[in-house]
Every structure is written in structure tokens, then in C-alpha cells.
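The primary structure of each chain is shown beneath.
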Amino acid sequence: MYLYDQYDQRQVDARVEEFRDQARRRLEGKLTEDQFKPLRLMNGLYLQLHAYMLRVAIPYGTLNSRQMHALADIADRYDRGYGHFTTRQNIQYNWIKLEEAADLLADLAKVEMHAIQTSGNCIRNISSDHFAGAASDELVDPRPYAELLRQWSSFHPEFSYLPRKFKIAVIASDTDRAAMRLHDIGIQIVQQDGELGAAFYVGGGMGRTPMIAPCIKDFVPLDRLVTYAEAVLRVYNRYGRRDNKYKARIKILVHEMGKDEFTQAVDEEFARMLDEGIEPPFAELERIRTFFEDPLFEAGASEEIDRGDPDFALWVDRNTVAHKAPGYVSAVISLKPVGGIPGDATSEQMRLMADLAKDYSFDELRVMHTQNIVLPHVRKADLHALWTALDGAGLGAPNLDTIEDIIACPGLDYCSLANARSIPVAQKISERFAANGKTEALGQLKLKISGCINACGHHHAGHIGILGVDRKGVENYQLLLGGSEAEDVSLAKITGPGFDEAGIVDAVETAADVYLREREDGERFLDTYRRIGMTPFKEALYG
Amino acid sequence: MRILTGNDLKTGAVTWWTGQDWSLHVENAVDVTGSEDEIARREESARRVNVPYAIDAELHEGKPRPAHIKDRVRALGPTVRPDLTLKPADPDIGNWVI
Amino acid sequence: MADLSSGTDTLIRYREDDPVDHAAVTVDSFLDQSSASAVRVEPGDDARELIPHLERLSLVEVNFPAFGDGRGYSSARLLREAGYDGELRAVGDVLVDQVAYMRRCGFDAFDPDAPLNEDDLEAAFNRWPEVYQSAADERTPIWSKRHA
């Protein structure tokens, strides 16, 4: 994985000192809250429902065991012994003190981490495929391109006061594991005539106006990648709406201009920029690539797995994924125990995951946008030892991509924007399906819950989505069906009137039962929904 | 009644105006009807509170209870982590929130 | 109409030449064959409309009515890219936490609504030992140093 050199380290250290100075000026009253707010947000510091919340960047979701240990230490030293892994492959701490925030950032900088641009109207942490470098179906490892863009977007002088936040995802496989087309810019590394290039999808997003990004350029040569991104950002910075916060994302600009006119504006800007020396030399991309070379996989590693223990065999079937190296898999550590809080991990669990990564996965971990953790490179021969350790720490739930593997935003339990709680709904649904035994039969069923229209819980992209709303001061939940964040991307539709908390759990089970009744061979929930449409579900729910 | 809340500037903790000072406990909050803007302005400029604002509340067993669920969650702590709330030992506190 | 006069005591310049001695006019009146050599660009103006007339211009003021509106950064940079080498002055809600990025986008003068402290300015400009991007200033990006 990427390691800082003296330049990267100096930048991060300078940012810590800048923030220390800004926090001091705020505490001394030299900055008003209105002036301080965008500055703290650009360092990931929110004022949330109960306290300050700090969001730490995990670039493209990749970290090593030393970094995971540092995250655990921070949870103990500055917070209350836990953290929350998010749908942007980051981690959030919920109980941070402003007077200690700079010290926390200094501790992060010691392990080449930061909270830079994890909030604010700027280019956010760049996300990627959580199986990058391990997946058997990828063209190349997408992370070098994400890292190139990370550096370009960090402290960008022109694009730090954009109309609204800006999210970029980079993938390099036809299988989309990063919700690429639901980003402001989604980049897929592709091959044309033997040359690598980047397809640009621009103007996707969730939030209150969900949109799927159209492809505005199917091939940008790799030695023009940064320049093309710069051209997109300049068009957005100049013309994105600033009169209405809810219409300020680039998706609205692309939609209002139309894809063709928008693309033309970008192409004109791109043509002007070509001689401006914006693009780093190709040698820089080559330098970054050297950090992402394959680890030394053991030649001839055994393909055998002793499936004698049925609990272990179930976990292997559910939570391990094909790897490009023979004898290896990627193993998913579920942060979704039945009845648990999706994405939360205690400091002890973080330390265990770090140690297991060191022992079994070439020192590497990944954060998934589905709020789980991946050990990307595990020998099949080590799986039983790994599972035994995980299971003993409450980390062995065998539920990847099942109805128990729920994405949930923090919701009204933590978030000042939320209208309803998300976590208790997730807890009750996972308990319901663990108890009724339908999880296995349902197979792949992606359930995603947001506590407000901002859609941090990706409800638009759920096979089943749930949106919490405020109905006259009472929590109410709308049910959505038919969304997908993957390569078969689609936006979920609302079934009808909402439900109370108990009602939404019943409604999810009703929808699941319709699928079990109607499905044909090999169909997932999503496939059946797409075939039979909304009506049979509505009839069962409201009939 | 109207009660005044905000966050402690240094720690971020949720606080409530008691008439003299800021408390972590909503039951110490006092009615500020008519003077909410003046108190908020004065306390914020003295940096004894960050982004204060007034909310509706009603008396519940003689103590102020915020009218909206969001403010009740704010007053107590996350309902899914009772161990981290201000009333970790009260088994009935969920009824007060919801 | 707002007073667009320059030369206030809040003005900070990083140029050797003398400031323009008359007020900046709006982009519309400048394009309307005005004899002015100073123009003020508002966030909604298209600064590219000035490009055919750069040789007439000695001062471009870019107004920031609110510091969070970042359009002026692009206005400044595209004028520099087009070869404008006269004074580029950020005016309005210009705060010490934004001036370093503004310099990178080509601004070489600041006339903020609220005066800036000299020491704070000095600290702000010295904050970043390195830069990741090429921009409108002369700084060498990190990638260039890595492959020197």
C-alpha cells in the first residue's frame, strides 16, 4: 500500500498545525462559529447531536495494521472506546473534544493518516473497490489512480469552496463494488486497443434527488486523467448552483445543462488546460504504482479447506470471496452481529482485526462501503484459525450480503440532521430474520437504511431501502424496493405510505415473503422484483 | 415553555441554561420565554456556550421535557447505547425519550 | 450602488507597481466600451469575457461577497492562464484562512472588508511547505520535485 514520503508527511503535519491554530483562535473567540465551521469541516470535525464528531479519512478504504492499532488507541484516548465505520470507507468518532482535536490529528499524522477534506464543500475522500488488488475480475488495481487523485485533490487551491461536497470513486472492474455511478465523478479504468484509460461518469448521487451518473467520456488517456478531472471541477465550480443548497450538487448541473452540453463545456475547458502543466508526469503514476504491487503470494498454496465444522463452513461460504491468487481468498469480517450496531467496532475489536491482518493478510485491511472490514489476502489454509479468532470476539457473523448485513447511517441516535433512528430498525430486522431462519433462503438481499433524506445509508440503492422521516414529531419509515448500487445500478421506488418502527420490520418480512413465493430459479430478490414489478409487493403490504 | 440549549465550546457536550449557568442535565433547564435571544447572545459572545438555540418543552413530572424527539435524544444520549447516556441505570428512560 | 473605490487602508499588495488610481467598473460597463482600466468581477460574471481586452486592464478586482462562494478562485486562475499579468485583487469577505489558496490562484492583492493582521498573513503564506498541484503561482508541485 501507499507510504508517505517526506513531502506527504510535511503536508499532513502542516495541516495539523494549521488546524491547531484555527482551533486556538476559535477557543479564544477570534473566529466566530460561522467562520470556524467550514474550517473545522474541512478537517472532518462536525458538531453533532451529542458532541463533536470527527471523521477520519481512510483513502480508498485501505489501511495497515499499524494504522488500525492507532485508530483503536484514538478510540480509547480521545473517545469512548469505539468507532463507527462509514459508507464512505471512513471511520467516525462520536465524542471528540474540540480542545483535544488537534492532538488527535497529530496522533493520526504519526501513522500517515488524517481527517483532511472528510467534510465541507470540497473534494472528499476518494473511495474504491474494497477488493482492489485481490479481486479475480479486475483489469488492474484501481488504487494507484485513486492515490494520484487524492494528492491532486488535497488542498486544491481552486476547488476548496465548491458549491457543495464532491465525491469521487475509482474502480477497475466491470463488477462495481464501489457504487461508482452514484458519485459526483465515477471513474472506471478501462482498456481500449491495449491501452489503459479512464471512463468518466459524472453527476450521480443519492441524497434528496438521486441520480445515476451518465458516461460523459468513455476513454480519457491515463496521462490526461488529472487534467480531465480538473476540467470537470472547474465547470462545476463556475456553474454549479449556489442559490439553493439542495440543488448545488453537480448532478443538478449535469441534469439542467443536459449531458451533451455539460460534456462540451468540460471538453472546451480540458482543451484550454492541456498546455497549463496540470498533469503530473507519467513517472509519478509509475512511482505510485510500485506501492500497490502484489504481496509475495505463496506459490502452490493449498486449495483445501477442512469443512468439518458446519459453523465454519457456513462462514466460508458466506464471507469469503474469490481471489486472483490460487489458494487465497478475501475474507470479510462482518461488523453486523445480530442485534448489533452496523459498522461499530470497539477498540479491542480493532486491535484484534489489526493483529489478524498482520498474521494472515500481509498486514492489510480494507473498509467496505457496506461497513464491514476485509482482510484482502488470506490463505485458505489459514481460514479456520482466522475464523476461530474472529468468532471469539463477536466478529464471526456469517452474513455478507444477506438481509442481516444491513447498511445503516447513525440516524437520530447520533446525527443532528436525522429525522428518525436507523440503528434500532437495523437491529430489529437482523434479530427478526435471525430468529425466523429465512436469511439463508433469501440469499443476496441488500437492505439499506437512512434516517433522513440525505441518504447516508444509501436507501435509494437498496434491494430493499428504508427511509426514516419525521411525521409530526413521530418516527415513520418509508419502504423502497428495487435499488442497486452495483453494475446493474438502479434507484429504488417507494412502495406507499410509511410504517411505524414495528410496522417497518413486519413490512420488510412481508416483502421478503413475496419474493420467496414468486421467485424463479436462481433469482435474487432484486431480479424477482424487476420481473414482477411493484404491484404484488404493494398488494401484500397494503392490500 | 421555552428552554435554551447549546453545546459547550471546548468539549462539545450538550448543555442547558439553568438561569445562572449551563448544565448537562435538561431537568435543570429553566423557562426562558421572552429572554431567549438576549441570553443566547450574551452567553455565546462570552463563549460559555456554542450555537445556543431555544426549543419548546413541557413539564413532565415537574421537570422540563423537550417537545421534539430529536431534542430528547440530544438530552439523554444515543438510545442504542444506554451505557453512554446520562442515565445508564434507568431502565425506563427509553419511555421518556420516545 | 456600492462604492467600488480602491486604495483603502485595508489594501495589501504584493506588487511593485503603483495601484490604479480610479475605481473599478462592473464587467458590463467595462465591456460597454468604457475607458476604465480597472474592472470588478462578481461571482456570477464570466471572467472569460475580459480576455479579448486584457491589454487594457491594469486591475481586476474579484469580489467575494461571502467567503464560501469559491467562484472567484476560478475567475482569477483562468485570467492568469489567459496571460493577464496586471493586478488581481481579492475584495470583500476575504479571511486569513483563504489567502494562501488565493495567492495560488493568482491573486496578488487583497482588500478585505475586515483588516487582516500582518503576522497572521505571514503565518498563512508560510503554512504550506509544499504544494500538490500546479496552479497560477510559481510554486513547484511535489510531483515535480519527486521527478526532478
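*Asks:* Mind showing me how you'd approach the nonpolar core here?
*Replies:* Grouped together as the largest cluster of nonpolar side chains are 228 residues, with contacts concentrated most on Tyr52(A), Leu54(A), Val232(A), Met353(A) and Ala511(A). Ignoring any residue separated from it by four or fewer positions in sequence, one finds Ala511(A) in contact with Ile464(A), Leu481(A), Phe537(A) and Leu541(A).

*Asks:* In this structure, what is going on with the interface of chain B and chain A? I would like to understand it.
*Replies:* In this complex, chain B contributes 20 residues to the contact, which on the side of chain A involves 22 residues. Contributions of two or more residues to the side of chain B that touches chain A are made by strand S4 (50-60) and helix H2 (69-76) of chain B. Counting residues per element, the side of chain B that touches chain A draws most heavily on H2(B), which supplies four residues. Residues of the side of chain B that touches chain A, tallied by class, amount to nine nonpolar, seven polar and four charged.

*Asks:* What exactly am I supposed to notice about unusual backbone geometry here?
*Replies:* Comment: phi is negative for the bulk of residues other than glycine, and the bulk of peptide bonds are trans. Residues and elements named next belong to chain A. A positive phi angle is found at Gln-117, which is not glycine, with a value near 55 degrees. In this fold, Gln-117 is placed in the loop between helix H4 (98-110) and strand S6 (127-128). Taking the number of C-beta atoms within 10 Å as the measure of exposure, Gln-117 has 27 and is therefore buried. The phi dihedral of Phe-155 falls on the positive side, at around 55 degrees, and the residue is not glycine. Within the secondary structure, Phe-155 is located in the loop between helix H5 (143-153) and strand S7 (168-171).

*Asks:* How should the sheet that holds strand S2 (residues 52-56) of chain A be read in this particular structure?
*Replies:* Either a parallel or an antiparallel arrangement is found when strands of a sheet pair, and the pairing is made through backbone hydrogen bonds. All names here are of chain A. Spatially, five strands are ordered S1-S2-S5-S4-S13 in an open sheet, and the strand pairing comes out antiparallel. With partners counted over all chains shown, the strands left at the sheet margins are strand S1 (45-47) and strand S13 (344-346), one partner each. Taken over all neighbouring pairs, the strand axes of this sheet differ in orientation by 30 degrees on average, direction set aside. The pairing of strand S4 (residues 82-85) with S13 spans three bridges and is antiparallel. In the sheet register, His-84 faces S13, and the bridge partner there is Asp-344. Strand contacts of helix H11 (residues 347-360): S4 and S13, with the helix running at about 85 degrees to S13, the strand carrying the most contacts.

*Asks:* What am I meant to see in the domain arrangement of chain A here?
*Replies:* By convention, interface size is frequently given as the accessible area that disappears when the constituent parts associate. Residue and element names in this part refer to chain A. Partitioning chain A into structural domains gives domain 1 (6-110), domain 2 (142-289), domain 3 (310-391) and domain 4 (407-542). Here the C-alpha centre of domain 4 lies 26 Å away from the C-alpha centre of domain 3. Listed as interface residues are seven residues of domain 3 and, on the opposing side, eight residues of domain 4. Considering only residue class, the side of domain 3 that touches domain 4 consists of three nonpolar, three polar and one charged.

*Asks:* Any chance you could explain helix H7 (residues 250-257) of chain A here in plain terms?
*Replies:* Quick reminder: α-helices carry 3.6 residues per turn. Residues three or four places apart thus point the same way. All names here are of chain A. For H7, the complete set of buried residues consists of Ile-250, Lys-251, Ile-252, Leu-253 and Val-254. The secondary structure elements touched by the buried residues of H7 are strand S9 (195-202), helix H6 (225-239) and helix H8 (259-273). Residue Gly-258 follows H7 closely and has a positive phi angle near 90 degrees.

*Asks:* I tried to follow the packing of helix H3 (residues 65-78) of chain A against H4(A) on my own but got confused; where do I start?
*Replies:* Describing two packed helices takes the angle between their axes plus the distance from one axis to the other. All names here are of chain A. Relative to each other, H3 and H4 sit at 160 degrees, their axes nearing to 10 Å. With respect to their mutual orientation, H3 and H4 come out roughly antiparallel. Like other packed secondary-structure pairs, H3 and H4 cross with a definite hand, here right-handed. Taking contact as the criterion, the partners of Ala-70, Ile-74 and Tyr-78 in H3 are, on H4, Glu-100, Leu-104, Asp-107 and Leu-108.

*Asks:* I keep staring at the sheet that holds S4(B) and nothing clicks. Help me out?
*Replies:* Residue and element names in this part refer to chain B. Spatially, the five strands line up as an open sheet ordered S3-S2-S1-S4-S5, and their pairing is antiparallel. Looking at strand neighbours, the two that pair on one side only are strand S3 (22-23) and strand S5 (63-66), the edges of this open sheet. The sheet contact formed by strand S1 (residues 2-7) and S4 spans five bridges and is antiparallel. Among the inter-strand pairings, Ile-3 is bridged to a residue of S4, identified as Ile-55. Sheet strands in contact with helix H1 (residues 36-45) are S1, strand S2 (14-17) and S4, and its direction is about 140 degrees off that of S4.

*Asks:* Help me understand the confidence of the model for chain B, please; the structure alone is not making it clear to me.
*Replies:* Low pLDDT marks regions whose predicted coordinates should not be analysed in detail. Within chain B, residue pLDDT values average 95, and 100% of them lie at 70 or more. Here the prediction assigns the complex a pTM of 0.96, and the interface score ipTM is 0.96.

Cut-offs and rules
- Residues numbered from 1 in each chain as written.
- Chains lettered and ligands numbered in written order.
- Predicted model: local features only at pLDDT ≥ 70, side-chain atom pairs only at ≥ 80, totals over all residues.
- Core = buried A, V, L, I, M, F, W, Y, C linked by C-beta atoms within 7 Å.
- Buried ≥ 20, exposed ≤ 12 C-beta atoms within 10 Å, placed from the backbone.
- Contact = placed C-beta atoms within 7 Å.
- Helix = DSSP H or I, 4+ residues; strand = E, 2+ residues; numbered from the N terminus.
- Nonpolar A, V, L, I, M, F, W, Y, C, P; charged D, E, K, R; others polar.
- Pairing = 2+ DSSP bridges.
- Axes fitted to C-alpha atoms, helices over the stretch in contact; angles between N-to-C directions.
- Domains from an automatic or database assignment.
- Parallel < 35°, antiparallel > 145°, perpendicular 65-115°, else oblique.
- Left-handed = near helix turned anticlockwise from the far one by under 90°.
- pLDDT = per-residue confidence, 0-100.

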